[in-house]
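So you can see what is in the structure, the chains are spelled out below.
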Amino acid sequence: MPETGPGSAPCFSVIVPVFNVQGYLRACLDSLLAQDFTDFEVIAVDDRSPDLSGEILAEYAARDRG
């Protein structure tokens with residue numbers, strides 16, 4: 001049985017492609033973070049968006065406790 005708990009790998013990963021979605025990105029990330037299940041990681045891939053998506057991702061990353 002795999003290890004669980006602090007320091008172990010998350011159960012699964014959610015990959016979020018990000019390009020020109022600043023209008024939807026906060027709602028997307030907030031929805032993911034509001035889940036009751038917490039054994040997951042979010043991997044957001046920003047493809048050099050010309051909008052503010054990168055800054056929004058940086059804001060959420062700065063708040064991350066993990």
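Bear in mind the structure is a predicted one, so any value in this text is a computation, not a measurement. (Residues numbered from 1 in each chain as written. Predicted model: local features only at pLDDT ≥ 70, side-chain atom pairs only at ≥ 80, totals over all residues. Heavy atoms only, no water.)

**Q** What exactly am I supposed to notice about the packing of aromatic side chains here?
**A** A ring pair, where both rings are aromatic, is described by two values, the distance of the centres and the angle of the planes. Enumeration according to the criterion identifies 2 aromatic pairs in this entry. A centroid spacing of 5.5 Å and a plane angle of 15° characterise the contact between F12 and F37, whose relative ring orientation is stacked. Of this pair, F12 sits in strand 1 (residues 12-18) while F37 sits in the loop between helix 1 (22-33) and strand 2 (40-46); the two residues are 25 residues apart in sequence, bridging distant segments of the chain. The exposure class assigned to F12 is partly exposed, which follows from its relative accessible area of 37%. These aromatic residues form a ring-pair network of at least three members: F12, F37 and F40. (Phe/Tyr/Trp six-rings, centres within 6.5 Å; stacked < 30°, edge-to-face > 60°. Helix = DSSP H or I, 4+ residues; strand = E, 2+ residues; numbered from the N terminus. Buried < 20%, exposed > 50% of the residue type's maximum accessible area, 1.4 Å probe, protein only.)

**Q** What am I meant to see in the pattern of salt bridges here?
**A** Side-chain pairs of opposite charge can arise where the charged atoms are in close proximity. One pass over the full model with this rule turns up 2 salt bridges. One salt bridge connects E59 with R26, and the closest N-O pair in it is separated by 2.9 Å. Highlighted residues: E59 in helix 2 (residues 53-63) and R26 in helix 1, separated in sequence by 33 residues. For the salt bridge of R63 with E59, the shortest nitrogen-to-oxygen distance reads 3.8 Å. Linking R63 with E59, this pair stays in helix 2, spanning 4 residues, or about one helical turn. Through salt bridges with shared partners, one network takes in R26, E59 and R63. (Salt bridge = Lys/Arg side-chain N within 4 Å of Asp/Glu carboxyl O.)

**Q** Looking at this structure, how should I read the side chain of S53?
**A** Examined against the element boundaries, S53 turns out to sit in helix 2. For S53, a relative accessible area of 0% gives the class buried. Side-chain polar atoms of S53 contact the side chain of D51, separated by 2.9 Å. Not counting the four nearest positions on each side in its chain, S53 is found in contact with V18, N20, V21, Q22, L25 and D46. (Polar contact = N/O pair within 3.5 Å; in protein donor to acceptor, adjacent residues only side chain to side chain. Contact = heavy atoms within 4.5 Å.)

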